[in-house]
Amino acid sequence: MLNRQIRGSSPPPRGGDGNHVWKLWATGLPQLHVQPLKQKQAYTIGSILQHYISLWFSLLSPIQYAQKNGNGLKGLVDAGLETLPQQYVQPPEERLDVSELVSKESLPTIDVSNWDDPEVAKSICEAASKWGFFQIINHGLPIELLESMKSAVHGFFGLPNEERRKYWKGQSVSNTVFLTTSFSPQSEKVLEWKDSLNFHYKPGDNESSASWPPVCKDQVLDYIKRAEFIIKRLLQVLLKSLDVEEIDKAKEYALMGSVFVNLNYYPHCLNPELTAGIGRHADLSTITLLLQDDIGGLYVRAPEGNGWIHVSPIDGALVVNIGDALQIMSNDRYRSVEHRAIPSRSRNRVSIPIFANPGLDASIGPLPEVLASGEKPIYRQLIYGDYLRYYLAKGHEGKKTIDFAKKG
Ligand SMILES: O=C(O)CCC(=O)C(=O)O
């Protein structure tokens, strides 16, 4: 059977009388399935209008159900899908091909229990240059904190549709949190199998969190504040090796003046091999600190060739990756590397990236310290907010985005 009735806990607001059956036509045209006007019902303008409003809602595609009504992919999956909607089927060239998996290599895992150890600094900088990605252990964040963050994500996405919908992008009750689905649904040809609750945190701002969802607010705030220390230490180490001895206030703003935290939720998927939880992309941050659960599914482009390396979950570890902003500032000494995530067939995967970004009005470009010896700048000077706007206006497209910042 292709169709299943959408039976989310609470249908979106509509003009019907509650008797309507909502049908989901999973892969093709939506199926018409509307209650006829009741026999004894008087044909008032209101009832006729109501009938046509119901007709309109019954034509909803899965995408409208997920997006326009703010139920998200979570709502759509909960409603009971039996096939993968066509809109989520990636073209063959964008599916993860198992023959491209590189199993003999794995990302470096770095023990950072002593940040002042020159060997630790060396490993971090080498990993940032060669791989663009690495995992850190013994970073000081207790396992209970990491577990409580993962539970907080499940807590939020476990809320009924109408509770989650309060934060839906464009109508969120908070100025600094919004819920969204896929990445850039209005400009993507194929949708990504993911919902995400996105937080914008300004370091030092304790007020905006008052409007954050109560079910996860305390955990997110606590986590960001404690993770900030690790981000700072990583940036100090990475910048020192670029001959930047001190990170003053202006540099700090250019490195981490705006912080985004995403609670990513990848519902289980009937055909993970056909879809992408998140498509090939590189981050636009300076660095990203990612907490993933034990399910796995994150793949990183191998340093050589076209292969992909699976980032095996390590209990208590955090994944670190370099973003485009630091690749630009370091004039390619550090690499922002393509990565993607594939959902699980049987479990709902969560991940929590913290993106440390330059301030939106910060001017970024290759650092003077890097160019001091006469090295030619590969990138121009640009306002970070312009890069962000450019990046967000399109679907994911691998490493192409950084060309925007290249010198003409
Ligand atoms: O979920 C993951 O493992 C990766 C998430 C990611 O790449 C992102 O949110 O940009």
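Relevant structure appears above.
A short tour of the structure in this document, coming up. (Residues numbered from 1 in each chain as written. Predicted model: local features only at pLDDT ≥ 70, side-chain atom pairs only at ≥ 80, totals over all residues.)

**Some words on the site of the ligand**
How we decide: Being near a molecule or strand means, for a residue, that its backbone-placed C-beta atom lies within 6 Å of it. Numbered from the N terminus, helices here are DSSP runs of H or I no shorter than four residues, and strands are runs of E no shorter than two. Charged residues are taken to be Asp, Glu, Lys and Arg, nonpolar residues to be Ala, Val, Leu, Ile, Met, Phe, Trp, Tyr, Cys and Pro, and polar residues to be all remaining types, Gly included.
Every residue lining the ligand is accounted for by N262, N264, I278, D283, L290, Q292, L298, H339, A341, S351 and P353. The set of elements that each furnish at least two residues to the shell around the ligand consists of β7 (258–266), β9 (287–292), β13 (339–341) and β14 (349–357). Split into classes, the residues belonging to the shell around the ligand amount to five nonpolar, five polar and one charged.

**A short note on the packing of helix α5 (residues 143–157) against helix α7 (residues 217–240)**
Let me state the cut-off plainly: Axis geometry follows a simple rule: fit a line to the C-alpha atoms, using only the stretch in contact for helices, then measure angles between N-to-C directions, giving values from 0 to 180 degrees. Should an angle fall under 35 degrees it is called roughly parallel, over 145 degrees roughly antiparallel, and 65 to 115 degrees roughly perpendicular, with every other angle called oblique. A crossing counts as left-handed when the near helix is turned anticlockwise from the far one by less than a right angle, and as right-handed when that turn is clockwise. Once C-beta atoms are placed from the backbone, any two residues with those atoms within 7 Å are in contact.
Running from N to C, α5 and α7 point in directions that differ by 140 degrees, and their axes come no closer than 9 Å. The angle between the axes of α5 and α7 places the two elements in the oblique class. The two elements α5 and α7 cross, and the hand of that crossing is left-handed. Facing α5, whose interface residues are L145, S148, M149 and A152, α7 presents Q219, V220, D222, Y223 and R226. When its residues are assigned to classes, the contact of α5 with α7 shows five nonpolar, two polar and two charged.

**Considering the environment of Y167**
By secondary structure assignment, the location of Y167 is in the loop between α6 (161–164) and β5 (177–181). Considering only alpha carbons, one finds Y167 and S211, 44 residues apart in sequence, at a separation of 9.9 Å. Y167 has contacts with S172, V173, S174, V177, F178, L179, L197 and P213, leaving out every residue within four places of it along the chain.

**As for the sheet that holds strand β10 (residues 298–301)**
Convention followed: We call two strands paired when DSSP finds no fewer than two bridges between them.
Read from one edge to the other, the open sheet built from four strands follows the order β8-β13-β10-β11, with strand pairing classed as antiparallel. Looking at strand neighbours, the two that pair on one side only are β8 (278–281) and β11 (308–310), the edges of this open sheet. If you compare each strand with its neighbour and ignore which way they point, the axes differ by 20 degrees on average. Bridging between β8 and β13 involves two bridges; their strand directions are antiparallel. In the strand pairing of β13, I278 is matched with A341.

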